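# Observations on the model geometry
So the chains spell out like this:
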Amino acid sequence: MRENEKNPQPTGIPQPPLGEESNRKIPSWFWLLSFIILSVVVYILVFETGGWRSSVFDATSLFWGYMPKEKPKEKVLQKPQAVAADPMAIGQEQYQAMCAACHQPSGMGMAGQYPPLANSEYVIGSKARLAAILLNGLSGELKINGQNYNGVMPGWKTALNDEKLAAIMTFIRNSWGNHGDKVEASEVKQFREKYGKKEGAWKTTELSTLGE
Amino acid sequence: MIARIVWVLGIFLCFLFGWFVYVIIPSQVLDPSPEGEETPPPNFGLVEVGQQVYGANGCSGCHTQLVRPANMGSDIARGWGNRRTLPVDYYHETNPFLGIVRIGPDLSNIGKRKKDSSWFYILLYEPNQIFPGTIMPPYKYLFRKVRAEGKRNPQALPPELDRTLPNGMQIMPSPEAVALVAYLLSLDRSYPTQPKKQ
Amino acid sequence: MSNPMVESQEWIGSGVSRPVSLDRSFFIPVIFMLVAAFFWLLVSMGFALLGAGKIVIPSLLGSWGWLTFGRIGLASFLVFSYGWGMNGGLAYALYLIGKNAQEPFRGSGYFLCSALFWNLSIFIGMMAVLIGEIPSLSWAGWPDFVLFLLLLNYSLMNYWIVKKLLVSGSFLRSLSHSYLLIALLWFPWAIGSLFIFFHWLVIRGVSFASMEWWFNEGFLHLWLAPVGLSMLYDYVEGRNGQRSSSFLGWLGLILFFLCSNFASASHLIGAPFPLWIVGLGIAARILLILGAVAIGIDLLQRLKKRIQANKQNIFSRYFLIAFYCFLIAIVGDGCIAMPFVSRLVHFSFVEIAFLVLFIYGFYSFVLMGMAHYLYSNFFRKPWLSETFLKITFWTNMYGISFLFVFLFLGGIVQSVELENAELPFSQVVESVLPYLRGAGMSATLILFSQLTYCFLLLLMFLMPVEKEGIEKNEKNLSRSI
């Protein structure tokens, strides 16, 4: 390739077309290469595809990368220690992760879009109603502290377990000047059994039927 | 004539087969609706808006959002996640931003690593402030300079970031920036989950 | 009936001594598409240069959202692929059909019209990307209404070409026609299904990523590659005598085509996909090496003969470089798909390096050779400056070599350092930065080369045409357009 570029002169007298015989030569190394590649391909397809099951995501065979077993175990052991026992702390962490995007870290919500939690009757009031909203979500027009809101809140029953839901409820009922009592995981469990089967979010018109 | 038909049919069959394997089958088998109590939180409201902002500004051109298993890369060792990401982690997203190249760090669990929204605002406004010498471009167009009425807004950026800022003004994140940060804070895929057994 | 590319000019060539017989009704749309292609190439390189500038000075033009790094990167990429790649490819398709046509192109006006709208839709799409209407970040990065416009205009443009190809049945005998048919049939099918999925949001969750890669891979290996290979085969098939089939050529075509449909998933390694999807992708990509090697042996034998039989000229240089880039890119892609390599280089610049080699080193080079050939035929007069052509060629050549080497080395550094989990990510980026700057310089070199060529083209268009040349050489089937 280099030679041809550096040498603009014709490399010989133009030859008449040689016919196709010279094209047909297949070098012998091509067959060897085909054999190697085909065997690799068959090996991958047969042995390294997790039996063609859609539930197999990991393999520790040499092909996919060997993994020493010790390291992940350390991580698993560390994890439970990190979990704080204080429900307010868990609640705060979960609130920051799940709720603060809309209701804001200050609990004040966003005017006209997301209602505040601070000093809201729905938060301080009935536990059952609060749990029902948290589990299934809420949609429709809502009036809180004199302001109107019309949005959709999703349900969290598939995202959060009883402990976390209880911690969040405890946290929002006792922050930003709210004073409510603690919510136990066992209570949430009961509420989940009671309300959890409903599909979709509650309508605001249904709110009065919720709770005790 | 028959040869032509066979040839063209063959071409289309190949197209169809590849399409079936990579588009139709994944959409059927990799869409297990989340069950149980610990599944990804729904995307909605600000988070959903923030996801669109993330896409619109081409963030995924430099940042990935996937954690590879420990035997396929150093992602977990780097602390980018405590486990590999699974289809269920992206269940609520219409188009997950898996990413193509890592010019910036992986963001699958950024909401787990950084929980302070003002850190994100400073990073977006002036990345050099947080990572000196970084090639991340500043996103100043996501911020507004507004007159401070009375006391300083808690969301406003520290005034030292802009030397030319006139007195009585403050730098406030625009609604897009608020949504984007809400989305980034929501990125936490560290909840325990198991690949669903058939 | 045809006597393409048997010109015996000096390497730069001072015109085409034995021109291709292409009716004006074909030539006008072909030249229109080519001019549009070069326009988009400049736009795309301009964006790329701005992106490279942003790597040196991150705050460059940072106050405008529509010029942020993520958006211009995608805009550059899309404009390059659809504006330059597809315009040029479609011009070639029309040329290939027109070369053998017995009658003038009756749909010439329709074609020109839809070509105009095709370019308009690319422009609309580019603006949509710049203002932030980005559904994804790849070749499918158009908003859904642009996808629809592209599909519509593409079908209008190519209906006639595909019909001609199918009726003549030449794709059964000639590899160049066969490759072209694959490319032309793939695009409407893929972009149509993409439009449906985007518009009605049928696909969601991780399957979106697999669909995205399916489309990307298809665009690279079922559109750009077949068109590029078709050009190479058209060059070597040249005379009718060489059009007879060769076993390796057809084996290569079938292997390449079959595997390209499945190779996409090798990019999904480590992503949330079951092993069988990734494994199938890796297996197909390794098999793709075999296809490329078969094509390579076949093409090299013929290219050698072709180049021996003729003097060196600018087309054969472009074609030869493109051919080697094709081989390196496909073999390289296959090698980095192996899990023990990809655990290091996945998400690094090594992948980008091979991608650049494929779309610039291979496709653009072969397209530039073809475009130069078509322009030479169109102008029918000596090129104004041989120096300019030499500058174009050598800066292009050095630009792509340096670009590849810088990206590749930068990618190696990045992958090795990323493997060391103790090293903070910011330090990894810092050590890659010099290479990225080098790559930016190389991109500047390429832009310079394209500017030179476009300047020369402009001069050629403005200079009066030598009338005698036309009268003597052109075989006008019809005067009307």
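Going by the structure above, here's the rest.
Residues numbered from 1 in each chain as written. Chains lettered and ligands numbered in written order. Predicted model: local features only at pLDDT ≥ 70, side-chain atom pairs only at ≥ 80, totals over all residues. Heavy atoms only, no water.

### Considerations on the packing of aromatic side chains
Pairs of aromatic rings are described using the distance from one ring centre to the other and the angle between the two planes. Under the counting rule described, the total for this entry stands at 70 aromatic pairs over all chains. With a centroid separation of 6.3 Å and 15 degrees between ring planes, the pair formed by B:Trp19 and C:Phe197 is classed as stacked. Within this pair, whereas B:Trp19 is found in helix H1 (residues 2-29), its partner C:Phe197 is found in helix H5 (residues 175-200), the two belonging to separate chains. Among the residues examined, B:Trp19 registers a relative accessible area of 16% and is labelled buried. Exposure remark for C:Phe197: the relative accessible area of 9% places this residue in the buried category. Taking 6.3 Å as the distance between ring centres and 85 degrees as the angle between the ring planes, the aromatic pair formed by B:Tyr121 and B:Phe143 counts as edge-to-face. Pair noted here: B:Tyr121 is in helix H4 (residues 117-125) and B:Phe143 is in strand E1 (residues 143-147), with a separation of 22 residues, a long-range link. Three or more aromatic residues link up through ring pairs in this structure, and these residues are C:Phe77, C:Tyr82, C:Trp118, C:Trp139, C:Trp142, C:Tyr154, C:Trp186, C:Phe187, C:Phe215 and C:Phe219. For B:Arg78, the ring lying beneath its charged end belongs to B:Trp80, and the centroid distance is 5.7 Å. The cationic tip of C:Arg204 hangs over the ring face of B:Tyr91; the distance from NZ or CZ to the ring centre is 4.8 Å. (Phe/Tyr/Trp six-rings, centres within 6.5 Å; stacked < 30°, edge-to-face > 60°. Helix = DSSP H or I, 4+ residues; strand = E, 2+ residues; numbered from the N terminus. Buried < 20%, exposed > 50% of the residue type's maximum accessible area, 1.4 Å probe, protein only. Lys NZ or Arg CZ within 6 Å of the ring centre and 35° of its normal.)

### Here's the deal with the environment of A:Ser39
The topology assignment puts A:Ser39 in helix H2 (residues 28-47). On the accessibility criterion, A:Ser39 (33% relative accessible area) is partly exposed.

### Description of helix H6 (residues 175-186) of chain B
For H6(B), built from 12 residues, the straight-helix expectation of 16 Å at 1.5 Å per residue is met to within 8% by its first-to-last C-alpha distance of 16 Å. In terms of burial, H6(B) is largely enclosed, as 10 of its 12 residues are buried. Considering only its buried residues, H6(B) is in contact with helix H4 (87-103) of chain A together with helix H2 (45-56), helix H3 (110-113), H4 and strand E2 (169-173) of chain B. (Expected span 1.5 Å × (residues − 1). Contact = heavy atoms within 4.5 Å.)

### Some remarks on the pairing of strand E2 (residues 147-154) of chain A
Bridge analysis of strand E1 (residues 137-144) of chain A against E2(A) gives eight bridges, and the strand direction is antiparallel. Looking at E2(A), one finds that A:Ile144 is bridged to A:Gln147. (Pairing = 2+ DSSP bridges.)

### A closer look at the pattern of salt bridges
A full pass over the atoms with the stated rule returns 20 salt bridges over all chains. The salt bridge involving B:Lys140 is made with B:Glu126; its shortest N-O contact spans 3.2 Å. With B:Lys140 in the loop between helix H5 (127-130) and E1 and B:Glu126 in the loop between H4 and H5, the pair connects residues that are 14 residues apart, well separated along the chain. Using a relative accessible area of 34% as the deciding quantity, one classes B:Lys140 as partly exposed. Among the ionic pairs, C:Asp298 bridges to C:Arg302, the shortest N-O distance being 3.7 Å. With a gap of four residues between them, C:Asp298 and C:Arg302 both fall in helix H8 (residues 275-309), about one helical turn apart. Its relative accessible area of 1% is what places C:Arg302 among the buried residues. (Salt bridge = Lys/Arg side-chain N within 4 Å of Asp/Glu carboxyl O.)

### Observations regarding the interface of chain B and chain C
Across the boundary between the two partners, chain B contributes 69 residues, which contact 83 residues of chain C. Interface of chain B and chain C: buried area, both sides summed, is about 6300 Å²; carbon and sulfur atoms make up 70% of it. Sorting the residues of chain B by area buried against chain C places B:Trp7, B:Phe15 and B:Tyr22 first, and these three jointly supply 14% of that buried surface. Counting across the chain B and chain C interface gives zero salt bridges. Put simply, chain B and chain C have 21 residue pairs in polar contact (both at pLDDT 80 or more) between them. Of all the secondary structure elements, the ones that give two or more residues to the side of chain B that touches chain C are H1 and H2 of chain B. Across the side of chain B that touches chain C, the residue classes break down as 43 nonpolar, 19 polar and seven charged. (Buried area = accessible area lost by both parts, 1.4 Å probe. Polar contact = N/O pair within 3.5 Å; in protein donor to acceptor, adjacent residues only side chain to side chain. Nonpolar A, V, L, I, M, F, W, Y, C, P; charged D, E, K, R; others polar.)

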